[in-house]
Amino acid sequence: MNFTFDQRRPIYQQLADQLEEMIFLGIFKPHDQVPSTTQLSQQLHVNPATILKGMNQLVDKGLLEKKRGLGMFVTAKAPAMIQAKRQEDFYSNYVKAIVAEACKLNINEDTLINLIKRGYDHD
């Protein structure tokens, strides 16, 4: 379990994003316990309050749940929630832009679909 941080964004946000990625990739599966705030703080040399702030973001999103006296666990629905959010982001960030550019280039829907299929064939 490797975490990397840069100076561009707050550490708590980077931690939350990286834990979310680990859930998405199946490193942490539903019902798995994630490392404690203390463990992460010691391993990463980051203030425990910063770690907790990042983890609480995932609790607020419904990806982690706190079990009093036991720790934090991945919720059963976390992978599906992450995938649904990423699919919506993919549509908003990429598909809409591709369709808009295709319209500017007078590329109709069938041609665009064929171009996308061509992309799958070449990768």
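The shown structure was predicted, so the numbers you read here are calculated from the model rather than taken from an experiment.

1. Looking at the overall build of the protein
Line of reasoning, step 1. Counting secondary structure elements, the protein contains 5 helices and 2 strands.
Line of reasoning, step 2. Starting at the N terminus and walking to the C terminus, you meet the elements of the protein as α-α-α-β-β-α-α.
Line of reasoning, step 3. Relative to its length of 123 residues, the protein is extended, with a C-alpha radius of gyration of 19 Å against a globular reference of 14 Å.
Line of reasoning, step 4. For the protein, the spread of C-alpha atoms along the principal axes amounts to about 60 × 35 × 25 Å.
Line of reasoning, step 5. Relative to its full complement of 123 residues, the protein shows a buried share of 26%.
Line of reasoning, step 6. As displayed, the protein has an accessible area near 8,700 Å², and 53% of this comes from carbon and sulfur atoms.
Line of reasoning, step 7. Side chains of the protein carry 15 positive and 14 negative charges; the gap between the two charge centres is 7 Å.

2. Comments concerning a nonpolar patch on the surface
Line of reasoning, step 1. Residues Phe24, Leu25 and Ile27 make up a contiguous nonpolar surface patch of roughly 290 Å² in combined accessible area.
Line of reasoning, step 2. With respect to the helices and strands, Ile27 occurs in the loop between α1 (11-24) and α2 (37-44).
Line of reasoning, step 3. With a relative accessible area of 51%, Ile27 lands in the exposed category.

3. Overview of the pattern of salt bridges
Line of reasoning, step 1. Inspection of the entire model under this criterion finds 5 salt bridges.
Line of reasoning, step 2. Across the pair Arg9 and Asp17 runs a salt bridge whose closest N-O atoms are separated by 2.6 Å.
Line of reasoning, step 3. The exposure class of Asp17 is partly exposed, given its relative accessible area of 27%.
Line of reasoning, step 4. When the shortest N-O distance is used, the salt bridge between Glu101 and Lys104 registers 3.9 Å. Residue Glu101 and its partner Lys104 are located together in helix α4 (residues 78-104), separated by 3 residues, close to a single helical turn.

4. Observations regarding the pairing of strand β1 (residues 64-67)
Line of reasoning, step 1. Where β1 and strand β2 (residues 71-74) come together, 4 bridges link them in antiparallel fashion. Bridge pairing in β2 places Lys66 opposite Met72.
Line of reasoning, step 2. Between β1 and β2, which pair antiparallel and follow one another directly, the connecting turn spans 3 residues, one of which, Gly69, has a positive phi of 80°.

5. With respect to helix α5 (residues 109-122)
Line of reasoning, step 1. An ideal rise of 1.5 Å per residue puts 20 Å on 14 residues; α5 measures up with 20 Å between its terminal C-alpha atoms.
Line of reasoning, step 2. The N-terminus of α5 is capped by Asn108, whose side-chain oxygen sits 3.2 Å from the backbone nitrogen of Asp110.

6. Some points on the confidence of the model for the protein
Low pLDDT marks regions whose predicted coordinates should not be analysed in detail.
Line of reasoning, step 1. Across the protein, the average pLDDT comes to 94, with 98% of residues at or above 70.
Line of reasoning, step 2. Mean pLDDT values for the elements of the protein range from 92 in α5 up to 97 in α4.

7. Quick word on unusual backbone geometry
Line of reasoning, step 1. Located in the positive-phi region is His31, a residue other than glycine, with phi close to 75°.
Line of reasoning, step 2. Tracing the chain through its elements places His31 in the loop between α1 and α2.
Line of reasoning, step 3. Of the residues examined, His31 reaches a relative accessible area of 55% and is grouped as exposed.
Line of reasoning, step 4. In this structure, His45 takes a positive phi of about 60° despite not being glycine.

Quick notes on the rules
Residues numbered from 1 in each chain as written. Predicted model: local features only at pLDDT ≥ 70, side-chain atom pairs only at ≥ 80, totals over all residues. Heavy atoms only, no water. Helix = DSSP H or I, 4+ residues; strand = E, 2+ residues; numbered from the N terminus. Rg over C-alpha atoms; globule rule 2.2 N^0.38 Å. Buried < 20%, exposed > 50% of the residue type's maximum accessible area, 1.4 Å probe, protein only. Areas by Shrake-Rupley, 256 points an atom, 1.4 Å probe, with all protein chains shown as cover. Lys, Arg positive; Asp, Glu negative; His and termini not counted. Charge placed at Lys NZ, Arg CZ, Asp CG, Glu CD. Patch = residues over 30% accessible without salt bridge, like charges linked within 9 Å, V, L, I, M, F, W, Y side chains within 5 Å. Salt bridge = Lys/Arg side-chain N within 4 Å of Asp/Glu carboxyl O. Pairing = 2+ DSSP bridges. Expected span 1.5 Å × (residues − 1). Polar contact = N/O pair within 3.5 Å; in protein donor to acceptor, adjacent residues only side chain to side chain. pLDDT = per-residue confidence, 0-100.

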